[in-house]
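Inside the fold
Listed below are the residues making up each chain.
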Amino acid sequence: MKRLLALALISSAAQAAELPAIPHFADATKSSGLHSVYKGEWQYMVGGGVATFDCNGDGFPDVFIAGGENKAKLFINTSKRGGAIKFEEARNAGVELDHVTGAYPLDIDGDGIMDLVVLRVGQSKVYRGLGHCKFEDATAKWNIDGGDAWATAFSATWEKGNRWPTLAFGTYIDRKFENEPWGHCTDNWLLRPNEAQNGFAPRIALTPSYCSLSMLFTDWNRSGTPSLRVANDREYYQGGQEQMWKVKPGEAPSLYTLADGWKFQRFWGMGIASADITGSGYPAIFTTSMADQRLQFLGGDAQHPTYKDAPFAMGTSAHRPFAGGDTRPSTGWHAQFEDVNNDGRYDLFIAKGNVDKMPDFAQKDPSNLLLQDADGTFVEAADKSGLLNFGEARGAAVADFNLSGKLSVLIVNRHENVKLWQNVSTALGHWLELRLQQDGPNRDAIGAWIEVKLGDKVMRREITSGGGHVSGQNGFWHFGLAAQTETQVRVIWPEGTTGEWQDVKADKLYLISKAGGPKAVDAH
Amino acid sequence: MLRHKISAALFIAFTVFGADAFAAPAASTVAPEAVLKQWYHLILTLVRHTATYSPPLASRNFAYLGVASYEAVASGDDHLISLAGQLQGLKSLPQREKGKAYDESLVLDATLAQSMQNFFGNTGPSGQNALRAMEHKMMHDVSQGVAPDVASRSTAYGKAIAAQIFAWSKTDGGATIANMGFPLKYELKKGPGHWVPTNQQGLQQMPLLPYWEKNRPFAMPAAATCDLPPPPAYSEDTNSDFYKQALEVHDTKNSLNDEQKAIARFWSDDPMLSPTPPGHWVSIVMQISERDHLPVAKTADALARVGVAVADAFIGCWHTKMEYDLVRPVTYIKKVIDPKWETLLITPPFPEYASGHSVQSGAAAAVLNKVLGDHFAFDDSTHVQDNIPTRHFASFDDAAKEAAVSRLYGGIHFRAAIERGLDQGHCIGAFAAALKTVK
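Before going into details, it helps to say that this report is about the structure given with it. (Residues numbered from 1 in each chain as written. Chains lettered and ligands numbered in written order. Predicted model: local features only at pLDDT ≥ 70, side-chain atom pairs only at ≥ 80, totals over all residues.)

Some words on the pairing of strand E37 (residues 518–521) of chain A
Residue and element names in this part refer to chain A.
- Summarising the sheet, strand E36 (residues 508–513) and E37 pair through 4 bridges and their orientation is antiparallel. If you follow leucine 509 over to E37, its bridge partner there is valine 521.
- Connecting the antiparallel pair E36 and E37 is a turn made up of 4 residues. (Pairing = 2+ DSSP bridges. Helix = DSSP H or I, 4+ residues; strand = E, 2+ residues; numbered from the N terminus.)

So, the environment of tyrosine 172 of chain A
Residues and elements named next belong to chain A.
- By the element assignment, tyrosine 172 lies in the loop between strand E11 (166–171) and strand E12 (188–191).
- You can call tyrosine 172 buried: it has 29 C-beta atoms within 10 Å.
- A sequence separation of 15 residues divides tyrosine 172 from aspartate 187, and the C-alpha atoms of the two residues are 8.2 Å apart.
- In this structure, tyrosine 172 is in contact with Val46, Trp150, Thr152 and Cys211, ignoring residues within four places of it in sequence. (Buried ≥ 20, exposed ≤ 12 C-beta atoms within 10 Å, placed from the backbone. Contact = placed C-beta atoms within 7 Å.)

Details of the nonpolar core
- Counting 293 residues, the largest nonpolar core has Ala396 of chain A together with Val306 and Ala309 of chain B as its most contacted members.
- It is helix H10 (residues 296–324) of chain B that contributes the most residues to this core, 18 residues altogether.
- Look past the residues within four positions of valine 306 of chain B in its chain and what remains in contact with it is Gly66, Trp281, Val282, Val285, Ala364, Val367 and Leu368 of chain B. (Core = buried A, V, L, I, M, F, W, Y, C linked by C-beta atoms within 7 Å.)

Considerations on helix H14 (residues 415–433) of chain B
- Taking 1.5 Å per residue as the helical rise, H14 of chain B with its 19 residues ought to reach 27 Å, and the 26 Å between its terminal C-alpha atoms agrees with that figure.
- Within H14 of chain B, 14 of the 19 residues are buried, which leaves it mostly tucked inside the rest of the structure. (Expected span 1.5 Å × (residues − 1).)

Details of the sheet that holds strand E34 (residues 486–492) of chain A
Residues and elements named next belong to chain A.
- Pairing is antiparallel across the open sheet formed by 4 strands, whose spatial order is E31-E30-E34-E35. Each edge of the sheet is formed by a strand with only one pairing partner; in this case those strands are strand E31 (457–462) and strand E35 (502–505). In this sheet, neighbouring strand axes are inclined to one another by 30° on average, regardless of whether the strands run parallel or antiparallel.
- Pairing of strand E30 (residues 449–454) with E34 involves 4 bridges; the strand directions are antiparallel. Each bridged residue has a counterpart across the sheet, and for tryptophan 449 the counterpart in E34 is isoleucine 492. (Axes fitted to C-alpha atoms, helices over the stretch in contact; angles between N-to-C directions.)

Encoded structure:
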């Protein structure tokens, strides 16, 4: 890929490049009303995550936060648009569970109300949204096999022809082997809809499984059929590697192999972020790890899943702390590509934190906020932007909590209260936020691609459910527009229909339905 | 052998006076052989799962753990000679109290339990769990049936050996490993033919442990004792020896048969995914020990010599590597022969000449030939749990040669580094082989 070659030559140029616009963040934890501690030792050393979604239909993202040995909590967003971010803890919402490691929002039954997949140490569960931020346990009703495992990953897709989604659950170590856990990874599994399309068939084991910490259905080659990328922790598997499963409708899942072009990769796979950050049309894959984080681009052609590491000069390795004086290698967890400074380029947030008193790795390990520059390189800005988190971060959400067009960051740290960093920038570029809606199943159009014109380039976002580190989002999807005050947008819907380019104004929220065009909305 | 003397005396006493006279036998019911086996199983596991355990550090600590084990065993065996005075910097070791009884299994267990804390203090939370569980279980099992005063004395003595070995280790120059062995600053040598980073990882833009050669050797007199002549002179001329050896790597890797690929992967021994290359040879010793029911004295002797040999091998090899600072095949081949060429194995992040695998395998084979014989056939199942099948070898030399040539198949070494590396290993290993252990 030409872009990769060009990036290989930019090491000195990258250092000389001007910094992109620095956003500004303020610690709004206390004023926000968020109070939740992810507690627990060995079985909770990975996780806790946060699910970000609108559970009461007001447009604002509410949050469900894992608590480990503490009860998980649901917080209702009471912010005003553009104002201080405020939450109130929901009482008796029906999801106040213990042993929760993470969660993903997903409208499974297609009723237009978000449901919640809750990952746990023990049986993972699925809760049906009832509206008004109330939920009922639908695990048994929908014949969800939640297993009895240390659940650490999730992703979902709608396979062609199905009214209900296909769910993938990822798990970690067999809890029986605490004193010698190596080589004791438990099975991941797939749940496909039953024939009646009103629940799920028995599980399909994704064997072999290698202690997964993230999984993501992504249409890596734009074939229209997503595959399941799985990040695996080499600390605990034997004979394992990173994986990508072919999940073709009507066929048993099968792994991409060397013969397909899949390369043998083994590292501490911990979190997955995916986005078309170069404008190539294909998503890059970012996998967090210990020491070097891995940004990879599809090499060769779209027929073969051969990924190549991004050049070191691209600035995404984030292998050591950039602040705090600890020079030992870093440990990465949740990762998310978003445009936090509205300049029309994907930036990258990486939650960082020592596993648990591992002396070979940084104890003081600040999370990263890498801003993408015009030349495609990334530069650290967490310290300059005020987003300096030294907690043992795990899951996170980068989201527009006050629908201001400015993305804020919620971080779940181990052993301490969550942290909320509100984006209080005053001089960012214009923006656009879009939410997709379609009738029937898959209301939120998981698997769609949104394209937004910015000057002579096209920005793209794949709508996915999964990835990160035990933390999922659904709601308005954010695009930075830099100086542009209007633009055009189109959607490539999950079944392959490409919508028309349609005009939209900057600094607005839009609902885009398949039948109609973009409709500006005002959250209330 | 003192332990056997005690056991025999107790057997007679037990027979004469009946069970009531000795409600608890004075010797552990767990044999020292089992103690050694169980701890080494955990050692090999934690070497794989402790991030600082790159091959050089692993070799160093295998030496200290091997010497500690050997000294624990030798101190209770009248036929064995201490390595104190034979290894650089190891002047003396604690002595047993004369006329007092010791339990050999407990001495060994305490030595290893304490040494594990000393050498794996930086392992992660799962490793710490495993260490605690093993220490607790072993102490419980091994002390069963041992008189309290004997148990207390034996444990204290084992810990004293471990403490002395640990104190000795702290002065060798390799005790502190920062940043997984990659320096924060290091000036790469300029010019064609010099090593450059071969991947896009941030940590690995510097060579691994570039100052490792400065560590105090164990049995080898100095890092440069077995130095090698220069590699073929760097040249991009297609008629040059350098080009020809690069072309050999290129052509070999591109035409590998299944057996050659299997050999490359069998000896890949990547850190964090295996017990490392030195651990592979330790694993071979433990497999043979179990198969042949070797007495603990023999196994401990082999573990000490292999540890010392591979540790010296990495010091000597690193001296040569940093002296010549040679470019890796992948760098040269991409530049001069084929820009799209890729290796089969991951190219390690340090200079090419000589091949570390070859040097340490040559050294390990040299000592194992001495301890077990030079036509000693064995099966090697080090990686079966990783779905890499067992391989059979007719001798240690055969295994060492295969380990060495595996790096050619993997595309990560030129032939000169491999063949001369074996020679360097034989030279270094001879010092460990010459250590006196039996009276």
